[in-house]
Amino acid sequence: GTIALLGVGGFTVFNLNNPEWRANTIFATAKDKQLAWLKEHEEEIVAWIHSKYPKVETVRFEWDTFEVLPVSNGVQIIRYNLSVKGIPETVIVIDFRMKTKDDIPSMKHITMNNKPSILREGTLYYYE
């Protein structure tokens, strides 16, 4: 929802559905904080990708693809996986292993569950 804060000499409306505004406030959700962490560490994440796959030239993230999903062993949830996808031509998905769905990701838990690939004329090719 939207909250209106009345002040002397006018009023201001804050949209609580805007994650950019919420990230550093008491209204911040776990997802806001996770997304803020990813954006703050974007250069470090890109450097990590380049260290593993030097042929990947450009990495740009589509932040709206960010999601946290449970990982199960068939009986119970054993961890959570946070992922965010790269630009359409280069298919890159960065994954972070987390104990709970509200954890803040960490560079020591970064991984790629799938090799980066590139889409050319409708076919996916893996980067070597």
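Right above here is the structure, for reference.
All of these numbers come straight from a predicted model, not from anything done at the bench. For every chain, the first residue of the written sequence is number 1, and numbering continues from 1 along that sequence. Residue-level local features of this predicted model are given only where pLDDT is at least 70; pairs of side-chain atoms are given and counted only at 80 or more, and the full residue set underlies all totals for whole chains, interfaces and linings. Excluding hydrogens and water, the side-chain figures rest on all heavy atoms present in the structure.

This paragraph deals with the overall build of the protein chain. The way it works is that DSSP assigns letters per residue, a run of H or I at least four long becomes a helix, a run of E at least two long becomes a strand, and they are numbered from the N terminus. Counting secondary structure elements, the protein chain contains 3 helices and 9 strands. Starting at the N terminus, the α and β elements of the protein chain follow one another as β-β-α-α-α-β-β-β-β-β-β-β. Relative accessibility thresholds used throughout: buried, under 20% of the residue-type maximum; exposed, over 50%; partly exposed, between the two (1.4 Å probe, protein chains only). Within the protein chain, buried positions represent 35% of all 128 residues. The contacts in the protein chain between residues at least 6 apart in sequence include a share of 38% that link residues at least 24 apart. Here, Shrake-Rupley sampling with a 1.4 Å probe gives the accessible areas, and only protein chains in the shown set may cover a residue. Counting only carbon and sulfur atoms, one obtains 52% of the accessible surface of the protein chain, whose full area is about 8,600 Å². The contact definition used throughout considers only heavy atoms, calling two residues in contact when any of these lie within 4.5 Å.

We now examine the sheet that holds strand 8 (residues 117–120). At least two bridges found by DSSP between two strands is the condition for calling them paired. Here we have 3 strands laid out as an open sheet, ordered 5-8-9, and antiparallel in their pairing. Each having just a single partner strand, strand 5 (90–91) and strand 9 (123–126) make up the two edges of the open sheet.

Pairing is antiparallel across the open sheet formed by 4 strands, whose spatial order is 3-4-6-7. At either margin of the open sheet sits one strand with a lone partner, and together these are strand 3 (61–72) and strand 7 (110–111). Direction of pairing for strand 4 (residues 77–86) relative to strand 6 (residues 93–98): antiparallel, over a ladder of 6 bridges. Counted as the bridge partner of Tyr-80 is Met-98 from strand 6.

Let us look at helix 3 (residues 42–52). Buried within helix 3 we find Ile-45, Val-46, Trp-48 and Ile-49. Down the axis of helix 3, the smallest arc covering the buried residues is 155°, so these residues share one side. Summarising the geometry of helix 3, the exposed residues directed more than 90 degrees from the buried face are Glu-43 and Ser-51. Packed against the buried residues of helix 3 are helix 2 (30–40), strand 3, strand 6 and strand 7. The directions from the helix axis to the C-beta atoms form the arc being described.

The salt bridge criterion pairs a side-chain nitrogen of Lys or Arg with a carboxyl oxygen of Asp or Glu, the two atoms within 4 Å. Following the criterion strictly, the structure yields 1 salt bridge and no others. Close ionic contact of Asp-102 with Lys-101 constitutes a salt bridge, the shortest N to O distance being 3.6 Å.

Leu-38, Ile-45, Ile-49, Phe-61, Ile-94 and Phe-96 are the most contacted members of the largest nonpolar core, which totals 24 residues. Listing elements by their share of this core, those giving two or more residues are helix 2, helix 3, strand 3, strand 4 and strand 6. Filtering out sequence-adjacent residues up to four positions away, Phe-61 remains in contact with Glu-42, Ile-45, Val-46, Ile-49, Val-84, Lys-85, Gly-86 and Ile-94. We define the nonpolar core as a collection of buried residues of types Ala, Val, Leu, Ile, Met, Phe, Trp, Tyr and Cys that are connected through side-chain atoms lying within 4.5 Å of one another.

Turning to the packing of aromatic side chains, a few remarks are in order. Aromatic rings considered in pairs are described by the distance between their centres and by the relative angle of their planes. Working definition: a ring pair exists when centres of Phe, Tyr or Trp rings (six-membered ring for Trp) sit within 6.5 Å. Plane angles under 30 degrees give stacked, over 60 give edge-to-face, the rest tilted. Applying the stated criterion to the full structure yields 2 aromatic pairs. Centre to centre, the rings of Trp-37 and Phe-96 are 5.5 Å apart; their planes meet at 90°, and the pair counts as edge-to-face. Taken together, the positions of Trp-37 in helix 2 and Phe-96 in strand 6 put the pair 59 residues apart, joining distant regions of the chain. Ring centres of Phe-61 and Trp-63 lie 5.3 Å apart, and the angle between their planes is 45°; this geometry places the pair in the tilted category. With relative accessibility at 8%, the residue Phe-61 sits in the buried group. Placement of a charge over a ring requires the Lys NZ or Arg CZ to be within 6 Å of the ring centre, with the centre-to-atom vector within 35 degrees of the ring normal. For Lys-115, the ring lying beneath its charged end belongs to Tyr-126, and the centroid distance is 5.7 Å.

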